[in-house]
Amino acid sequence: MSTRWQNWAGIESAVATSVVQPRDLAEICKAVNDATESDQTIRARGSGHSFTAVAAAHGVAIDLSAWTGITTADVGTGLVTVRSGTTIRSLNAALDGLGLAMTNLGDIDAQTISGAISTGTHGTGAAFGGIATQVVGLELVLADGSVVNCSADERPELFAAAKVGLGALGVISTVTLKTEPSFVLAADERPEPLEQVIEALDHNCVTNDHFEFYWFPYGNKALTKRNNRLPAGTEPKPLGPVRRFYEYEVMENAALGLLCRLGRRIPRFVKPLNKLTSAVLSPRSYSDISHRVFVTSRSVHFVESEYAIPRESLGSVLAELRAKVPTLPDPVILPVEIRVAAADDVWLSTAYGRDSAYIAIHQYVGMPFRQYFDLFESIAGTVGGRPHWGKLHTLNAANLRERYPRFDDFTRVRAQVDPAGRFANPYTERVLGSAR
Ligand SMILES: Cc1cc2nc3c(=O)[nH]c(=O)nc-3n(C[C@H](O)[C@H](O)[C@H](O)COP(=O)(O)OP(=O)(O)OC[C@H]3O[C@@H](n4cnc5c(N)ncnc54)[C@H](O)[C@@H]3O)c2cc1C
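The present account deals with the structure reproduced in this document.

The strand order across the open sheet formed by five strands is β6-β7-β11-β9-β10, and the pairing between neighbours is antiparallel. Taken across any chain shown, the strands that pair with only one partner, and hence form the sheet edges, are β6 (70-74) and β10 (147-151). Across this sheet, the average inter-strand angle for adjacent strands is 15 degrees, counted without regard to direction. As defined by bridge partners, strand β9 (residues 135-141) adjoins β10 across five bridges and the pair is classed as antiparallel. For V141, the partnering residue across the bridge sits in β10 and is V147. Its contacts with the sheet put helix α1 (residues 25-37) on β9, β10 and β11 (171-178), and the angle it makes with β9 is roughly 55 degrees. Along the sheet, helix α2 (residues 88-98) makes contact with β6, β7 (79-83) and β11, crossing β6 at roughly 35 degrees.

Attention now goes to the environment of Y427. Here Y427 shows up in helix α14 (residues 426-432). With relative accessibility at 4%, the residue Y427 sits in the buried group. The spatial distance from the C-alpha of Y427 to the C-alpha of M367 is 24 Å, given a sequence separation of 60 residues. Apart from the residues lying within four places of it in its own chain, the contact partners of Y427 are T52, A53, V54, L166, W389 and H393.

Here we take up the side chain of H210. Mapped onto the fold, H210 is located in strand β14 (residues 210-215). Residue H210 is classed as buried on the basis of its relative accessible area, which comes to 0%. Engagement of the side chain of H210 in a polar contact is seen with the backbone oxygen of T124, the distance being 2.8 Å.

Before going further, it helps to examine the sheet that holds strand β4 (residues 42-45). Strand order across the open sheet formed by three strands is β3-β5-β4, with parallel pairing between neighbours. The open sheet is flanked by β3 (18-20) and β4, the only strands paired with a single partner. Adjacent strand axes in the sheet meet at a mean angle of 30 degrees, parallel and antiparallel pairs treated alike. Across the sheet, α1 is in contact with β3, β4 and β5 (60-63); its angle to β4 comes to roughly 145 degrees.

On to the site of the ligand. Around the ligand sit 35 residues in total, of which A44, H49, S50, D107 and T119 are the nearest. Calculation on the ligand without its partners gives an accessible area of 980 Å², and the protein chains cover 99% of this total. Elements supplying a minimum of two residues to the shell around the ligand: β4, α3 (113-118) and β11. Per-element tally for the shell around the ligand: the top contributor is α3, with four residues. For the shell around the ligand, the per-class residue count stands at 12 nonpolar, 19 polar and four charged.

Within this structure, the stated rule accounts for eight aromatic pairs. With a centroid separation of 6.0 Å and an interplanar angle of 85 degrees, the aromatic rings of W8 and F51 are classed as edge-to-face. Of the two residues, W8 is situated in the loop between β1 (4-6) and β2 (13-15) and F51 in the loop between β4 and β5; the sequence distance between them amounts to 43 residues. Here W8 falls in the buried class, since its relative accessible area comes to 17%. With centroids separated by 5.6 Å and ring planes inclined at 85 degrees, the aromatic side chains of Y307 and F376 adopt a geometry described as edge-to-face. With Y307 in strand β17 (residues 302-310) and F376 in helix α11 (residues 370-381), this pair connects stretches of sequence that are 69 residues apart. Given the relative accessible area of 0%, F376 is considered buried. A cation over an aromatic ring shows up here: R229 above the ring of F183, its NZ or CZ 3.9 Å from the ring centre. Taking the ring centre of Y404 as reference, the NZ or CZ of R386 above it sits at 5.0 Å.

A few words now on the pattern of salt bridges. Inspection of the entire model under this criterion finds 24 salt bridges. The partner of R412 in a salt bridge is E157, and the shortest N-O contact between them spans 3.0 Å. Remark: E157 occurs in helix α4 (residues 156-162) and R412 occurs in helix α13 (residues 407-417); sequence separation between them is 255 residues. The partly exposed category is assigned to R412, whose relative accessible area is 32%. Residue R412 pairs with D409 through a salt bridge whose shortest N-O separation is 3.0 Å. On the criterion of helical spacing, the pair formed by R412 and D409 is a turn pair, its members being three residues apart in helix α13. According to the relative accessible area criterion, D409 is buried, its value standing at 19%. Overlapping salt bridges, with partners in common, bring together D107, R298, E304, E306, E337, R339 and K391 in one network.

Across the six residues that make up β14, a large majority, six, are buried. One ladder, built from six bridges, connects β14 with strand β15 (residues 221-229); its direction is antiparallel. Looking at β15, one finds that E212 is bridged to K225. Where β14 folds back on β15, the antiparallel hairpin that results is connected by five residues, among which Y218 adopts a positive phi of roughly 85 degrees. As paired elements, β14 and strand β18 (residues 336-341) share three bridges and run antiparallel to each other. Within β18, the position partnered with W215 by the bridge is V336.

What counts, and at which threshold
- Residues numbered from 1 in each chain as written.
- Predicted model: local features only at pLDDT ≥ 70, side-chain atom pairs only at ≥ 80, totals over all residues.
- Heavy atoms only, no water.
- Pairing = 2+ DSSP bridges.
- Helix = DSSP H or I, 4+ residues; strand = E, 2+ residues; numbered from the N terminus.
- Axes fitted to C-alpha atoms, helices over the stretch in contact; angles between N-to-C directions.
- Contact = heavy atoms within 4.5 Å.
- Buried < 20%, exposed > 50% of the residue type's maximum accessible area, 1.4 Å probe, protein only.
- Polar contact = N/O pair within 3.5 Å; in protein donor to acceptor, adjacent residues only side chain to side chain.
- Near = heavy atom within 4 Å.
- Areas by Shrake-Rupley, 256 points an atom, 1.4 Å probe, with all protein chains shown as cover.
- Nonpolar A, V, L, I, M, F, W, Y, C, P; charged D, E, K, R; others polar.
- Phe/Tyr/Trp six-rings, centres within 6.5 Å; stacked < 30°, edge-to-face > 60°.
- Lys NZ or Arg CZ within 6 Å of the ring centre and 35° of its normal.
- Salt bridge = Lys/Arg side-chain N within 4 Å of Asp/Glu carboxyl O.

Given below as structure tokens:
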């Protein structure tokens, strides 16, 4: 196992002093106790899909890829306990086998379940929360080597903090999820005028279970996606394998990758390419089991920033972004993605206490992005935007304290369970403040 780690986007790296690969709970506890004895920091690694250095381990790194799989499942209640290193992809496959499904998911399934919840990973749906809101219990190994369980009834403050805990409170050993019976989603995707989509946002959010849209900067079209739950027992009508391969692998990955490489090499081509891509968007409808609709494959590597803003501010934020992006010195080649989520009560969730809209901006790897991301950050800041913990931003603890009503509660719990900063890294020190 390599001590050198790099994230998916290739923009963050770290070298750990050692890597341990526990195969049982006792080995996770031993790793934490050994780190304490040698006075080193220790952090769990997920799949490395955060764009920030949140997962970087400079002391001991815990690789949980041998600590996977479901430990208990109750099909009647939908309660499923899973080991923390399990990827969402293998979790979905195992749930399929039990006739169960996650209520809502993000765009990809490569993340580990614990990595996904730790940064507040979310999908879309005005009545649905992020993945952490589907968690009903956690088992954690704390800095003193003890194993604790937490839930709404047992150590509720630790639970409210640790669901989106940035790896800063302990090592999650298992996650208990409230799943639901498998369901089929009907997907309806089509290009529509951007103005119309923004105007009808509230309507689209309440009349669809999972609504989102993409907008290519410089274009005036949005690609809308409406995913709606079908009644139990509905037979899915998926895209045929050839069309699926052509649309997802060829058009959305291979062709997009080609256009990105061309745009990176000849930046003046970006705006016309962007308009062309926006003009050739075509509609498609199909239905499939939920995770095959929620999840897409992403082989084009990019960098990303995402802010959660109050839902009612979406129109004004997008209008400002739309007006200012064309004035940037460097062109933007990848689309903006807009999603929504219901308010929740997880202390460091980006949707804590407010119905939220998420705006995610992207740039192809190797193309200049700093000015674009800074512009976006300043616009999102005017409406109290909260950055996704796993996506690029420059905020620090002082800024974030103002945007999270329970920030001080989080740091209080952190000081109780990790007084020596055993689980700290430079990113957590920046965004949460010094642990010691
Ligand atoms: C292509 C792509 C698509 C994406 N799509 C979405 C999306 O649709 N929605 C969204 O919200 N985000 C999305 N993301 C962001 C991604 O979901 C998050 O950054 C997520 O945290 C990555 O999970 P991971 O397993 O790779 O964790 P890592 O990035 O490796 O780690 C994340 C954090 O989890 C901690 N951690 C991991 N395991 C444990 C454990 N056992 N105990 C305690 N802490 C632990 C790590 O220490 C770190 O702090 C996307 C990212 C990429 C690259």
